[in-house]
Each structure stands twice: as C-alpha cells, then as structure tokens.
Amino acid sequence: MKKFFTWLLIMILSLSLTACGTSVGSGSATSTIKDGTYTGEGIGKGGPIKVEVTIKDDTITGIKVVSHSETEGLDKSMDTLTENILKTNSADQDAISGCTLTSKGFLEAVNAAIASAGATPDMLKKIDGNVGVTTEKKNVEETRDIVIIGAGGAGFNAAIEAKMAGSDVLIIEKLPVAGGNTLISGAEYAAPGNWLQKKENISDNPQLMIEDTLKGGDHKNDPELVKTVAENALDGAVWLRDVVGVEWEDELMFFGGHSVKRSLIPLGASGQEIIKKQLAKAEELNIPIYYDTPATELITDKSGKVVGVKAEGTDTNYTIHTNKAVIIATGGFGSNIEMRKKYNPDIDETILSTNSVGSTGDGIVMAEKIGAALTGMEYIQTYPICDPLTGTLLYYDDARLYGHTVIVNKEGKRFVEELGRRDVMSMAIKAQTGHAAYELIDHNGFVESKLQENHAAELDYLYKNDLLVKADTLDEVAAFFEIEAEELKKTVTNYNSYVDAGKDPEFNKRSLPSKIEKGPFYMIKAVPAVHHTMGGIKINPNAQVINTEGKVIEGLYAAGEVTGGIHGTNRLGSNALADITVFGRIAGQNAAK
Ligand code: ADP
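Residues numbered from 1 in each chain as written. Predicted model: local features only at pLDDT ≥ 70, side-chain atom pairs only at ≥ 80, totals over all residues. Heavy atoms only, no water.

**Some words on the sheet that holds strand β7 (residues 248-253)**
- What the three strands build is an open sheet, ordered β6-β8-β7; its pairing is antiparallel. Each having just a single partner strand, β6 (189-190) and β7 make up the two edges of the open sheet. (Pairing = 2+ DSSP bridges. Helix = DSSP H or I, 4+ residues; strand = E, 2+ residues; numbered from the N terminus.)

Have a look at this one:
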C-alpha cells in the first residue's frame, strides 16, 4: 500500500516534469509505455543526481548519468546498478554496500524517470536477469608474491611500495569500491617539521609528536611504534606528494591534543584526494584489484608461516598462494556493533558510527584465528561532531579545527575546551541536555574555514534537515535551536573578551584566532559517534604480526587501523594518515624483501 502511494506521488510529481519537455518519446504499437528518453532526479550523498533513462518496447535500454556530485570512487556504484537494472529490466534493486546514499539517490532518479514516462514499474517487461541468484561458484587457485587485503589508504601504500620494489602484488577488496574509512575521512596528516611549518616559523620535531601522541593515548601506546610513526611521518607525506602525486593545501590545521599546528591538509580537505591518487598510481603500476572479494581465511603451513589467503568473490572462490607475504590492511571494526560490544559494552547500538560499512574487523578475526595477539581492543574513539541523524562526521567541524568555533549546550553555555581531545569532548557532549552540542561561528570564521568552497553539499544537506541555521543575529540563531538566547549572548561576550586577552580562563582554549562578532552567524547541532578503533593486531616496528607468545608470525604483516598499540586509549586527529602511510609503506617494503 505504502509503495503504491509512493508511486502515485512520483507519478504526480514527474508528470508535471514531463510537461517541461523532458520526454522525447516516439511511440510503439505493441508496448504500453511510450518509447523515449526520460529524465529523472534523485538526491544522493553529495546532492542531486540527474539521469536519462531510455525505454523501448517496455524495456530499459540505456541509463545515462547526466550530472551528480557524489564522492569520487563511490560513484562507481551507479555503473553496477545500471548493469543490474539493464539485466533485470527493473529499478527495484538493493543498494550497493558501502554506497547506500549514492545508490538510493541513483535509484530514486531512475524511478522518477520511469514515472515521468507515465509508467509504473509493473508496466516494464518481466525479465529474469538472475541478479543476486547464486549459481555454482568457480574455484580458482593462483600464486602471487604478495596479497594485500583491503584497498584503503594503508593497503594502497603497502601495494605501491611492494610493487615498486619489484614484487608481484594483488589487492583484494571486500566492497565494490576502494577507499574504506580513508576515503570518507578529512585525511589531514600530522607531519612534524614540515615545509609549511617552516614558512610559518613553527618549531616542531618528531620528539614533540611522540610526546603529544603518548600523552593523547594516556601512555597506553607502544612507544616503539609511536616513535616509528613520528620519525617517518614527514618522509611519508613527502612520498605521498612526490611519488603518489597527492596535492597538499597551502595551509596547516591545528588538531586537538597536538601542542603545535602540524597537520597537512589534502586538496579539498578530503580523503578523496588520497584515494584518487593512490588508485591512479596503482593503475600506472599495473596493480590488479579484485573488488567484491572479501578475504575469509589466512592459509598457514606446518610451521605456522602464512602462505596465502582464501577469498570469496561474487562468482569465484579464490585460493591465493603467496611466495612472500600477506599484508592485512582491512581497517577497524567501528561498523561491527557486536564486536564493539564484545570489547567495550558502553559502545553499543545507541551510538552511531562515522565508519565505512567495510570496517567490520575481519582482519582482526582472521589474524586472531591463526594465533596473532590483539592489543587495546577496548579503546574505541568517538568523534564529537557528527550528524545527529546518520552519525556521519561533519566537515563543518573544520571551523573548530581552525579555532573559530564556540561550542555551547542547550542552556547557551560553554562546557568544554573546543580544541580538547575527542574522547573528552565526546563524553562532555554526551553529558549535556539532549546529548547534543551546538557549534557557533561567525561570518569571518565561516569564510576562513572555506566551508562553502570545500563542503557545499554537506551545508545544503544540513540546511535541509534543520541541522544548520544561518541568521543575522544571535537571538535568531538561539531561537532556531531553542537555546537560551540571553545566556548565549553572555557566553559570546565573554569569549570575545578572552580572544582580546589572548587567554581563556574558563576552558583554556589553546588557540583563540578570532571573535564571534560579524553576522551572519552559523550554528549546527551535533552528536558524538564511533570514529576509530584504536585496538587491533599487535605488530612490531617492522609491521610484522606478533603472536600471543610474543613471536613474529612469518609471512604476515599488518598496517593501518587494523593494528593496535599506536594510539593508546585515544587517537589524535590527523595521526591516522601518518600511521597508515608510515606502516603501510614499511609493510610493503618489508614484505617485498
Ligand atoms: P586504513 O585506514 O587502515 O587503510 P580503511 O578503512 O581505509 O583502513 O581501509 C580498509 C579497507 O579494507 C576497506 O576498503 C574495507 O572495505 C576493506 N576490507 C575490510 N574487510 C575486508 C576483507 N575481509 N577482505 C577484503 N577487504 C576488506
């Protein structure tokens, strides 16, 4: 019944569209739907998706995406859906995992186009395209020097290094798209002693990063691993720039818990820049990637050495033997609620997640099965500023990292240092009325944080969902979220006096670059969500996996979020990119030896 009304609505909406000349139908004697090409629009993750659907003899014969603003890499899901729609002559398809919002928007657009032909789905010819029907799978055996499990940031870094060292390399990826959490992150990169710090006369060195990281992780980190990351971080950033082709913006970001401004920003302040360049480099080096191919099991010989991996593709079961090594780069387990609860019962289903759907801890489980030691599994980080509806990390928060934000509660009062640690901020927000925070910036902060330039689609989404307000006065901002206006104004007056004095006596905010004084003012509502799992497979500084007896497991390396020990109880912002680059490279170099 509900479906029928949805269709009725689409029909009514789209019939008015047809009147605007979107249809160029020619007609056919036997078919019920008028042949032609019809346009339709849906809303994806990045905004509107516009498609042209061609229908002939009640059959969809072509779909063309006219325009979209979806994340590069995830837009591949539209090709897969197109294939499935053409095979089955039906737009009633499941979303592609890892690309739910893009899939939904695309299917909405196709359905709208069908409706604009004056048709309902049951008027399309029935075809059994066997999509989703399991047929007998092929069994394929092959041999490679090195198999890398996971096409995220760490996996690509490992693959590129290993291939450049002369090894025959294969990447297998569980999802239909590459990128993992790296793709959907801001991908800022802590690099002590970098070229931009020199320009700005910021004195920094690896030792200072070691101290910050250990302090940030409550000294539960493995100091040797921290040292390895800090001492090689700058070299990794230069390598990404000069070898992989990553472009860094011309300014730095100041992340909570770091004692100086040391974090590089990739072009567009997004992991898309990293993954796009890594994919291009992998292609240039002829590194094959098997998509839709989750690894399920590590293969060991009698001595316990890892000699291969088993994986399940959509129509093929793979047994891949390795001459040299397997590198696990499967990311964390933030999207696996059962696993979260197993190790930390507080992080249950009531907490949303910013993570990719691929972050289900597979690599940890596979490694543990063959005797690998795990470490710090209970340390799960929440990110303080996320979408209250979906848990997605909000890039509006860049404004806070530039120092321009004041954060208040429903009562209009500040309650935490805006550049404090993520866990401290998250728990502080959780303790406020409605478990929510409100992030306020003024016109100057908005412009200087480049929000419109870098994150326009997110801003549109927030406006549409009443999670962001833009208003000329603080009274109007307060009224929108039903915040106590007098208290909010008092808070802002006090905060501005701290900016003048260069010191915040209330919360000791470590950077006070600008006042909140010039309208229009902007405010969002935000909640914390799971962001990073600090625990994982135990490794040594060579990225070799360590077993429960403290010995190296031969033939097995791990890198990235799947490993534990580097970030202790809490990862500092922008340390993950340094980690996945340094250890991804080390794993690739050593595996290739
Ligand atoms: P990191 O930052 O450590 O590189 P990411 O989350 O960016 O981690 O990437 C991890 C990648 O590993 C994701 O693309 C994810 O889909 C993939 N992955 C997870 N589990 C498996 C598995 N069992 N087999 C293959 N790939 C996997």
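From this point on, the discussion continues.
**Things to note about the domain arrangement of the protein**
- The domains assigned to the protein are domain 1 (36-123), domain 2 (144-379 + 534-591) and domain 3 (386-529).
- Between the C-alpha centres of domain 1 and domain 3 there is a distance of 37 Å. (Domains from an automatic or database assignment.)

**Considering the environment of Glu378**
- Tracing the chain through its elements places Glu378 in the loop between β13 (374-375) and β14 (380-386).
- A residue is classified by how much of its surface remains accessible, and Glu378, at 36% relative accessible area, is partly exposed.
- In sequence terms Glu378 and Tyr343 are 35 residues apart; their C-alpha atoms lie 4.9 Å from each other. (Buried < 20%, exposed > 50% of the residue type's maximum accessible area, 1.4 Å probe, protein only.)

**Let's talk about the packing of helix α8 (residues 223-244) against helix α18 (residues 575-591)**
- Relative to each other, α8 and α18 sit at 90°, their axes nearing to 8 Å. When the axes of α8 and α18 are compared, the pair comes out roughly perpendicular. Facing α8, whose interface residues are Leu225, Thr228, Val229, Asn232, Ala233, Asp235, Gly236, Trp239 and Leu240, α18 presents Ala578, Asp579, Thr581, Val582, Phe583, Arg585 and Ile586.
- When the residues that make up the contact of α8 with α18 are grouped by side-chain class, the tally is nine nonpolar, four polar and three charged. (Axes fitted to C-alpha atoms, helices over the stretch in contact; angles between N-to-C directions. Parallel < 35°, antiparallel > 145°, perpendicular 65-115°, else oblique. Contact = heavy atoms within 4.5 Å. Nonpolar A, V, L, I, M, F, W, Y, C, P; charged D, E, K, R; others polar.)

**A word on the sheet that holds strand β1 (residues 36-43)**
- Taken in spatial order, the three strands make up an open sheet running β1-β2-β3, and their pairing is antiparallel. The open sheet has two edge strands, β1 and β3 (59-67), and neither has a second partner. Along the sheet, successive strands turn relative to each other by an average axial angle of 25°, direction set aside.
- Direction of pairing for strand β2 (residues 48-56) relative to β3: antiparallel, over a ladder of seven bridges. For Lys50, the partnering residue across the bridge sits in β3 and is Ser67.
- Contacting β2 and β3, helix α2 (residues 76-88) runs over the sheet at an angle of about 165° to β3.
- Helix-sheet contacts for helix α3 (residues 100-116) involve β1, β2 and β3, and the interaxial angle to β1 is about 140°.

**Thoughts on the confidence of the model for the protein**
- Here the protein averages 91 in pLDDT, and 94% of its residues register 70 or above.
- Confidence drops under pLDDT 50 across residues 1-28; counting only partners more than four residues distant or on other chains, this segment forms 37 contacts. (pLDDT = per-residue confidence, 0-100.)

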